[in-house]
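In case you want the letters, here they are:
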Amino acid sequence: SPADQLVLVDRQGPVTVLTLNRPKALNALSSPLFVQLNNELDKAAQDDQVKCIVLTGGEKVFAAGADIKEMKDKNFAEVYRSNFLGSWARVTSFRKPIVGAVSGYALGGGCELAMMCDILLASPTAIFGQPEITLGIIPGAGGTQRLTKIVGKPIAMDMVLTGRKIDAKEAERMGLVSRVVWEEGKSVVQEAVALAKKIGGFGAVAVQAGKEAVDAANELPLSEGLRLERRLFQQLFATADQKEGMAAFAEKRKPAFKDE
Ligand code: CAA
């Protein structure tokens, strides 16, 4: 039934919009929710017509973190043996771009999920934070690693060790989000969909290569990253889309990419 639908799916042309749907629990990220989210990502990965994902919690809240009620009675052996939160990594192995749209709270696991997105849009109401320390734990899905890579050690330590919340203005200033949709009356979700559709109009091979290359910057030493970038760049000359894109420029017309 729709009440069991913890992730709503809305196809808009080349874009699949995935909306976290546990409004009464501020979209707390339960294990069943992640099973559904991963399942939808698997489907989107296999569907060539899907070029880009928008991941959002809607206009009110992104996600207030992992589900505390689900976690509170778990013990070490249980979480260790089941590799608790390990399945969240599916989001980061997804090869098409994910545009995140954050409105309201993105706390704990919600902030971590937002940081897994490739491009992150926020509304002026967005509030980010890693409040795990207030629960006697630390972030467990990238809140110490991805956050530090994005904002640097001083701010990451401040957020992780104090649980201090960050508003949209501060998030924009520290580079935690790609941009804030400040315009009055503009929906962050609609902006994200428009951005995703734009990406969806480009050649899928080049888009995937761009994502792979930028992601490599976090993993590789500079010389290896530059080598990977150059190799991917050179390989794109084997695609029809490179011929089409450059021919269209020379002929002053719009390119028609074929994703090959
Ligand atoms: N897990 C489970 N339920 C949650 C939740 C969470 N993370 N966050 C909110 N809820 C539930 C509340 O329990 C409440 O349910 P009931 O109506 O059944 O009591 C409902 O959502 C509404 O929440 P509030 O009444 O608390 O709403 P508020 O507006 O007064 O406060 C808030 C909002 C400040 C976000 C507050 O809900 C809050 O502090 N939530 C917890 C935030 C948090 O600590 N997140 C980190 C979780 S740990 C984690 O994420 C680990 C990791 O690294 C992956």
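Residues numbered from 1 in each chain as written. Predicted model: local features only at pLDDT ≥ 70, side-chain atom pairs only at ≥ 80, totals over all residues. Heavy atoms only, no water.

Trainee: Mind showing me how you'd approach the nonpolar core here?
Mentor: Within soluble globular proteins, side chains that are nonpolar tend to cluster in buried spots. Residues L37, L55, L113 and F128 are the most contacted members of the largest nonpolar core, which totals 47 residues. If we ignore the near neighbours within four places in the chain, the residues touching L37 are V7, L18, L55, V91 and L113. Judged by nonpolar contacts, the second largest core, of 16 residues, contains V15, C52, L121 and V188. (Core = buried A, V, L, I, M, F, W, Y, C linked by side-chain atoms within 4.5 Å. Buried < 20%, exposed > 50% of the residue type's maximum accessible area, 1.4 Å probe, protein only. Contact = heavy atoms within 4.5 Å.)

Trainee: Explain the confidence of the model for the protein to me, please; I cannot follow it from the model alone.
Mentor: Note that predicted coordinates carrying low pLDDT should not be read in detail. In the predicted model, the protein carries a mean pLDDT of 97, and 99% of its residues have values of at least 70. At the level of chain-chain contacts, confidence expressed as ipTM amounts to 0.98, with global pTM at 0.98. (pLDDT = per-residue confidence, 0-100.)

Trainee: Would you mind going over the sheet that holds strand 7 (residues 127-129) with me for this structure?
Mentor: Within a sheet, neighbouring strands are paired by backbone hydrogen bonds and run either parallel or antiparallel to one another. Taken in spatial order, the 3 strands line up as 5-7-8 in an open sheet, and their pairing is mixed. Two strands close off the open sheet at either side, each with one partner strand: strand 5 (105-107) and strand 8 (166-167). Pairing of strand 5 with strand 7, which is carried by 3 bridges, proceeds in the parallel orientation. Within strand 7, the residue paired with L107 across the bridge is G129. The strands touched by helix 5 (residues 109-116) within the sheet are strand 5 and strand 7, with strand 5 carrying the most contacts at an inclination of about 95 degrees. (Pairing = 2+ DSSP bridges. Helix = DSSP H or I, 4+ residues; strand = E, 2+ residues; numbered from the N terminus. Axes fitted to C-alpha atoms, helices over the stretch in contact; angles between N-to-C directions.)

Trainee: What is the right way to look at the site of the ligand in this model?
Mentor: Near the ligand you find 23 residues, and of these A66, I68, G109, E112 and E132 are the closest. In the environment of the ligand, an oxygen atom lies 3.4 Å from a nitrogen or oxygen atom belonging to the backbone of K24. Coverage of the ligand by the protein amounts to 64% of the 980 Å² it exposes when considered alone. Among the elements of the structure, helix 2 (68-71), strand 5 and helix 5 are those that each provide at least two residues to the shell around the ligand. Across the shell around the ligand, the residue classes break down as 14 nonpolar, 4 polar and 5 charged. (Near = heavy atom within 4 Å. Polar contact = N/O pair within 3.5 Å; in protein donor to acceptor, adjacent residues only side chain to side chain. Areas by Shrake-Rupley, 256 points an atom, 1.4 Å probe, with all protein chains shown as cover. Nonpolar A, V, L, I, M, F, W, Y, C, P; charged D, E, K, R; others polar.)

Trainee: Got a minute to help me understand the environment of R146 in this structure?
Mentor: Following the sequence through the fold, R146 ends up in helix 6 (residues 146-151). Sequence spacing of R146 and F128 is 18 residues, and the spatial spacing of their C-alpha atoms is 14 Å.

Trainee: What is the right way to look at the side chain of K51 in this model?
Mentor: Inspection of the secondary structure puts K51 in the loop between helix 1 (31-46) and strand 3 (52-56). Overall, K51 belongs to the buried group, its relative accessible area being 15%. A polar side-chain atom of K51 sits 2.7 Å from the main-chain carbonyl oxygen of G200. In this view, K51 contacts P14, K96, P97, G200, F202, A204 and D259; residues no more than four positions away in its chain are not counted.

Trainee: Is there a simple way to think about the layout of surface pockets in this case?
Mentor: A water-sized probe, rolled over the atoms, reveals where empty space remains. The space that makes up the largest pocket amounts to roughly 800 Å³. Residue lining of the largest pocket: 27 residues in total, with M115, C117, D118, D215 and N218 positioned closest to the centre. Those elements that provide at least two residues to the lining of the largest pocket are helix 4 (90-93), helix 5, strand 6 (119-122), helix 6 and helix 10 (204-219). If one sorts the elements of the lining of the largest pocket by residue count, helix 10 sits on top with 7 residues. Considered as a void within the structure, the second largest pocket measures approximately 630 Å³ in volume. Along the walls of the second largest pocket sit 29 residues, with A66, I68, M71, L135 and I137 positioned nearest its centre. Of all the secondary-structure elements, those providing two or more residues to the lining of the second largest pocket are helix 2, helix 3 (76-81) and helix 5. In the lining of the second largest pocket, the residues fall into 16 nonpolar, 6 polar and 7 charged. (1 Å grid on protein atoms, 1.4 Å probe; cavity = no way out; pocket = protein on both sides within 12 Å on 5 of 7 lines; lining within 4 Å. Points joined across faces, edges and corners; volume = space filled by probe spheres on them.)

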